[in-house]
Amino acid sequence: MMMLAIRRFGRVLISVAFRPKLSPISAGWARLYSLNTQAPKSKVWTSADEAVKGVRSGDTLLCGGFGLAGVPDTLLGALVNREDISRLTAVSNNAGAGDSGLGAFICGKLLNSKQIDKIIASYPGGNKTFEALYLEGRISLELCPQGTLVERLRAHGAGIPAFYTPTGASTAVEDGAIPVRYNEGGFANGVMIPGVKKESREFNGRKYIMETAIPGDVAFIRAWKVDEVGNCVFRYTQNNFGTAMAKNAKLTIVEADQIVPIGSLSPNAIHVPGIYVDRIVLATEPKRIEKVTLAKGDSKEAAGANVAASDHRYRIARRAAKEIRDGYYVNLGIGMPTLVPEHLQPGVRVWLQSENGILGMGPYPTEEQLDPDIINAGKETVTLLPGASIFDSSESFAMIRGGHINVAILGAMQVSQAGDIANFMIPGKLVKGIGGAMDLVSNPDKTKVIAVMEHCAKDGSPKILKQCNLPLTGARAVSQIITELAVFTVDRKNGELELTELQEGATLEEVKAKTGCEFRLSAGFARVLH
């Protein structure tokens, strides 16, 4: 009897007993190889100023962050000092705010020095300075639905040149009706660069439009912990667009809250493998919060809440809350929809999904719980419930487009009798941005879309119309409309509206006078009248 031991890296891996008369073990079993066990070359750079020297004029710059969470302010600050740089195209979810993100850098120094010429974004309207520049024809804007934006970024990193999506079908996005740039002087002087019309196609009876991937030259990312070879871990909602952008660009530069030694991160915890990262710098700019929102605590706030409870917005929110069932997965738009959780029925427990990467969003924090890396889609500070999960924006919109959300509640500027909804811009006057709304209404057969809004605009004109005259967010998407006066059910297939309820104090005559289209009374409503 003889023993054969096969060794690798000094350890015995296989011990085999055999008799000399038997055939020897094949060479494949005994194949030996070795690896260089020396530490790999570090990707850490000594300064952001040195790291950003890879940026060139005309580059497409991908800038991570949602609101101010995960914004690479250290790298952006270094880029401002590059006076030789010009004609950049910046890709970001937002256009920044205050003196953070693309806000200060684009609308201040970068624009004044003509470093930034175009932005591809989902929701730039939080920056009023940028909005004004676009409307004046001084900068180009490619407005893109948020889920489509992150998927276009993810696609290029995965080697996919284009894809079909239901988001934006039968809207201004498909028609290319949103101008990229106005002539100097603005809307009144016409369009310099028109939007791009999208190819459409039907699959299984549904309409989809083709979107092309966005290739990035350079990506600026902020992460929580990064080891010396580039493995990245994000903290809470700091991830958002970070993963997709890091995997996309020719040159990815990460600023890290903490740079840690190789081997100190669990392989199970890695969000972005080091293969995608080229340079690492230490983040030196502090984390910031766009909207500090705290839980109601002192008596003064409570008194204010009692006064606000009489506001018709609370009446709308209370009624919308009745549509939520125990165990539902729910997405709430910004503004009025965020009031809905305060009015849930006793015993109703829901999972709130936030498009920037939260499932299991909790209430506003106390001052002690305040965390710049935990924000909602409205950029407000929030908390996480036990059982919550965190993910990047690509995963978030896969949940949304795939119809895994039970109910989406959105605000609206206009809704038609067929369920068309408009809520993102007034041509030549207001560019809030599309945000995630087009994605949220893209699968209305699986996700019930509820529009909550005031019955009339500030000038008294109806907001419920036969046809919307503002650019559409979605076509035949809304199933229910709730205002301070009434509740309507929408027959999306036949394009008809049915009045099911009157809110307290409202009359049928008032609702007829303030509604810009015909509607019928539900059978249940007729019984109430008689």
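In the block above lies the structure referred to throughout.
Not measured: the values here are computed from a predicted model.

Novice: Tell me what's going on with the overall build of the protein, and back it up with residues and numbers.
Specialist: Looking only at helices and strands, the protein has 13 helices and 30 strands in total. Counting over 530 residues, the protein shows a buried share of 52%.

Novice: Can you lay out the packing of aromatic side chains for me, pointing to particular residues and giving the numbers?
Specialist: The tally for this structure, following the rule as stated, stands at 5 aromatic pairs. Residues Y134 and Y182 carry aromatic rings whose centres are separated by 5.4 Å and whose planes lie at 50° to one another, so their mutual orientation is tilted. Of the two residues, Y134 is situated in helix α4 (residues 128–135) and Y182 in strand β8 (residues 181–182); the sequence distance between them amounts to 48 residues. You'll find Y134 and Y182 in the same group, each marked buried. For the pair Y182 and F187, a centre-to-centre distance of 5.8 Å together with 75° between the ring planes defines the contact as edge-to-face. Its relative accessible area of 45% is what places F187 among the partly exposed residues.

Novice: I'd love a proper account of the sheet that holds strand β21 (residues 414–416), names of residues and values included.
Specialist: Reading across from one edge, β22-β21-β26 is the order of the 3 strands in this open sheet, with mixed pairing throughout. Unpaired on one side and paired on the other, β22 (421–422) and β26 (464–465) mark the two borders of the sheet.

Novice: Can you tell me about the nonpolar core, naming the residues and giving the values?
Specialist: Within the largest apolar cluster, 53 residues are counted, with the highest numbers of intra-cluster contacts made by L153, I481 and F488. Of the residues forming this core, the biggest block, 4 residues, is contributed by strand β12 (residues 218–227). Excluding its chain neighbours within four sequence positions, the residues that come into contact with F488 are H455, I464, S479, Q480, I481, L497, E498, L499, T500, V511, T515 and F519. With 41 residues, the next largest nonpolar core counts I116, Y134, F220 and M425 among its residues.

Novice: Break down unusual backbone geometry for me, with residues and values.
Specialist: The phi angle at Y236 is positive, at roughly 50°, despite the residue not being glycine. Here Y236 is to be found in the loop between β13 (232–233) and α7 (242–246). Residues other than glycine seldom take positive phi values, yet R476 does so here, at roughly 45°. Residue position: R476 is located in the loop between β26 and β27 (480–482).

Novice: Talk me through the sheet that holds strand β16 (residues 329–332); I want residue IDs and the actual numbers.
Specialist: One open sheet holds the 10 strands; their spatial order is β19-β18-β17-β16-β20-β25-β27-β28-β29-β30, and the pairing between them is mixed. In this open sheet, the two strands that pair with only one neighbour each are β19 (384–390) and β30 (520–521). Judged from the 3 bridges that link them, β16 and strand β20 (residues 407–411) form a sheet pairing that is parallel. Across the sheet, V330 pairs through a bridge with V407, a residue of β20.

Novice: Account for the environment of V431, with residues named and values stated.
Specialist: When you line up the elements, V431 lands in strand β24 (residues 430–431). In this structure, the C-alpha to C-alpha distance between V431 and Y134, residues 297 residues apart in sequence, is 8.9 Å. Once residues lying within four places of it in the same chain are set aside, the contact partners of V431 are G125, E131, Y134, L135, L141, L143, F424 and M425.

About the criteria used
Residues numbered from 1 in each chain as written. Predicted model: local features only at pLDDT ≥ 70, side-chain atom pairs only at ≥ 80, totals over all residues. Heavy atoms only, no water. Helix = DSSP H or I, 4+ residues; strand = E, 2+ residues; numbered from the N terminus. Buried < 20%, exposed > 50% of the residue type's maximum accessible area, 1.4 Å probe, protein only. Phe/Tyr/Trp six-rings, centres within 6.5 Å; stacked < 30°, edge-to-face > 60°. Pairing = 2+ DSSP bridges. Core = buried A, V, L, I, M, F, W, Y, C linked by side-chain atoms within 4.5 Å. Contact = heavy atoms within 4.5 Å.

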